[in-house]
Amino acid sequence: MADVTRDDAVSEQAGKDLFQILRDGSPRTRSELAGLTGLARSTVAARVDSLVRLGLVKPVGTAVSTGGRPSSQFALNSSGRVVLGVDVGASHARIALADLSGRILEQRSVSLAVAEGPAAVLGWVAEEGRALVAERGSSDDLLAVGVGLPGPVEHSTGKPIDPPIMPGWDRYDVPGHLSAELGVPVLVDNDVNIMALGEREIAWPDVDHLVFVKVATGIGAGVISGGRLQRGAQGIAGDIGHVFVHSGKDALCRCGNRGCLEAIAAGPAVAAGLRDAGVEVETSQDVAELVRAGNIPAIQAVREAGRLIGEVLTTCVSLINPEVIVLGGSLAHAGDHLLAGAREVVYARSMPLATSNLQITQSRSGANAAIEGASMLAIHHALSPARIEAMLGEER
Ligand SMILES: [Zn+2]
């Protein structure tokens, strides 16, 4: 490592803050930035020039100071660079080009089974990603790619680990594959985590404590606490589908254990219960359709699934005290019955202070949660202090 004087180290630290201050989008003059960072005006001017050349900051008019001449103001240039957000589902893939505010500029999707393997799926992602970036400008505009996968992902490496519905993907180097193709950092996370990020971005931007629960073929949660997505030590925080629920103690789960929440309350379990009662139904979507059509056994089964999910959520409420719990996924789109069951149990069983301001609600972001969240994952990384510092270093 090169010699760094103490003053340099201090200014490096303060320089990071300069860009982070501008991320809120408000325009500021160089002297305001000097005041906020404690940096010399000449240093601020050099930093701002570099950030403008990188397409991250732009001049936005002038401010008239009292008695002085007008001075230029600068703000985040949200349209200066782009990211890609990718949502890989069990039977589809979607990709979106987004600006630095997370606004989706363009998106494409394809019917493609994740079981076709990484070469087919990531090949499509790389090809469409290059095309989307090229349509808008130059490949140099791309800063990062965020990807959501329908299975557990080891956070430190971005590799899927023993994903049940993804044959051929176990420990596959997804970030390595895509960053070799697209030339930028690639962040990978499981679909529920990115849906939590997307839901917060779209519907709850001011909420710092949010749990997003996906109820579909499986059950999982994305936990945002203190304004940050919490992944835990290995990246599987929020994996509530395999928590033991006593009333399901005999049900065999795909994980090999018995009595998991997922084995009694996810879409396939609800559908199987209805079939046993003589109702013709296959998938979570079928169950949701029956509920919307007013089928009484289906409504009762979904409400009971909501109660079982509520049992596990009661523990989550005690542990992390969220402001909002959002239910999403195909079974949550069956109307308010899943929600009603979950509310019934959580409000009855949690401590009053924990539920006094707790909202339990349906997902508002719908199909866009995943690609919005994947774009946010890319933006958070691309604009992090460490990445900005690295880009400024390459600039110098
Ligand atoms: Zn299980």
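What counts and how
- Numbering of residues starts from 1 in every chain and runs along the sequence as written.
- Local features in this predicted model are restricted to residues whose pLDDT is 70 or higher, and side-chain atom pairs enter the listing and the counts only when it is 80 or higher, whereas totals over whole chains, interfaces and linings include all residues.
- Working from all heavy atoms in the structure, the side-chain values ignore hydrogens and water.
- Numbering of helices and strands runs from the N terminus, with a helix taken as a DSSP run of H or I at least four residues long and a strand as a DSSP run of E at least two residues long.
- Between two residues, a contact is recorded if the distance between any of their heavy atoms is within 4.5 Å.
- Axis lines are fitted to C-alpha atoms, over the contacting stretch for helices. Their N-to-C directions set the angle, which ranges from 0 to 180 degrees.
- Oblique is the label for every angle not falling under 35 degrees (roughly parallel), over 145 degrees (roughly antiparallel), or within 65 to 115 degrees (roughly perpendicular).
- Each residue is assigned to one of three groups, with Ala, Val, Leu, Ile, Met, Phe, Trp, Tyr, Cys and Pro labelled nonpolar, Asp, Glu, Lys and Arg labelled charged, and all others, Gly among them, labelled polar.
- Crossing handedness is defined as follows: a turn of the near helix away from the far one that is anticlockwise and smaller than a right angle gives a left-handed crossing, while the clockwise case is right-handed.
- Only when DSSP finds a minimum of two bridges between them are two strands counted as paired.
- Think of it in three bands: with a 1.4 Å probe and only protein chains considered, a residue is buried below 20% of the maximum accessible area for its type, exposed above 50%, and partly exposed in between.

What about the environment of Asp-162?
Then comes step 1: With respect to the helices, strands and loops of the structure, Asp-162 is situated in the loop between strand S9 (159–160) and helix H5 (174–182).
Then comes step 2: For Asp-162, the residues in contact, after removing those within four places along its chain, are Asp-170 and Arg-171.

Comments concerning the side chain of Asn-193
Then comes step 1: Tracing the sequence through the fold places Asn-193 in helix H6 (residues 191–203).
Then comes step 2: Not counting chain neighbours up to four residues away, the residues in contact with Asn-193 comprise Ala-221, Gly-222, Val-223, Leu-229, Arg-231 and Gly-235.

Here's the deal with the packing of helix H3 (residues 41–53) against helix H14 (residues 385–395)
Then comes step 1: As a packed pair, H3 and H14 sit with axes 10 Å apart at the nearest point and diverge in direction by 95 degrees. One element, H3, and the other, H14, form an angle in the roughly perpendicular class. When H3 is examined against H14, the residues Arg-47, Ser-50, Leu-51 and Arg-53 are found in contact with a partner set consisting of Ile-388, Glu-389, Leu-392 and Glu-395.
Then comes step 2: Residue composition of the contact of H3 with H14, grouped by class: three nonpolar, one polar and four charged.

Re the packing of helix H4 (residues 118–136) against H5
Then comes step 1: The interhelical angle for the contact between H4 and H5, taken along N-to-C directions, is 30 degrees, at an axis separation of 10 Å. Like other packed secondary-structure pairs, H4 and H5 cross with a definite hand, here right-handed. When H4 is examined against H5, the residues Leu-122, Val-125, Ala-126, Gly-129 and Arg-130 are found in contact with a partner set consisting of Val-174, His-177, Leu-178, Glu-181 and Leu-182.
Then comes step 2: Classifying every residue of the contact of H4 with H5 gives six nonpolar, two polar and two charged.

Some words on the sheet that holds strand S12 (residues 219–225)
Then comes step 1: Strands sit in the order S13-S12-S11-S14-S15 across an open sheet of five strands; the sheet is mixed. Among the strands making up the open sheet, the edge pair consists of strand S13 (228–230) and strand S15 (359–362). Averaged over neighbouring strand pairs, the angle between their axes works out to 25 degrees when direction is ignored.
Then comes step 2: Note: strand S14 (residues 324–328) against S15, four bridges, orientation parallel. Bridge pairing in S15 links Val-324 to Gln-359.
Then comes step 3: Strand contacts of H6: strand S11 (210–215), S12, S13, S14 and S15, with the helix running at about 50 degrees to S12, the strand carrying the most contacts.

A short note on the side chain of Gln-73
Then comes step 1: With respect to the element layout, Gln-73 can be found in strand S3 (residues 70–76).
Then comes step 2: In contact with Gln-73, other than residues within four places in its own chain, are Pro-27, Arg-28, Thr-29, Lys-58, Pro-59, Val-60, Gly-61, Thr-62 and Ala-63.

Here we look at the environment of Gly-310
Then comes step 1: Locating Gly-310 in the fold gives a position in helix H10 (residues 296–320).
Then comes step 2: Residue Gly-310 is classed as buried on the basis of its relative accessible area of 0%.
Then comes step 3: Sequence separation between Gly-310 and Val-133 is 177 residues, and the spatial gap between their C-alpha atoms is 43 Å.
Then comes step 4: Among all residues touching Gly-310, those that are not within four sequence positions of it are Ala-342, Val-345 and Val-346.

Some remarks on unusual backbone geometry
Then comes step 1: Unlike most non-glycine residues, Asp-162 shows phi in positive territory, near 45 degrees.
Then comes step 2: With a relative accessible area of 52%, Asp-162 lands in the exposed category.

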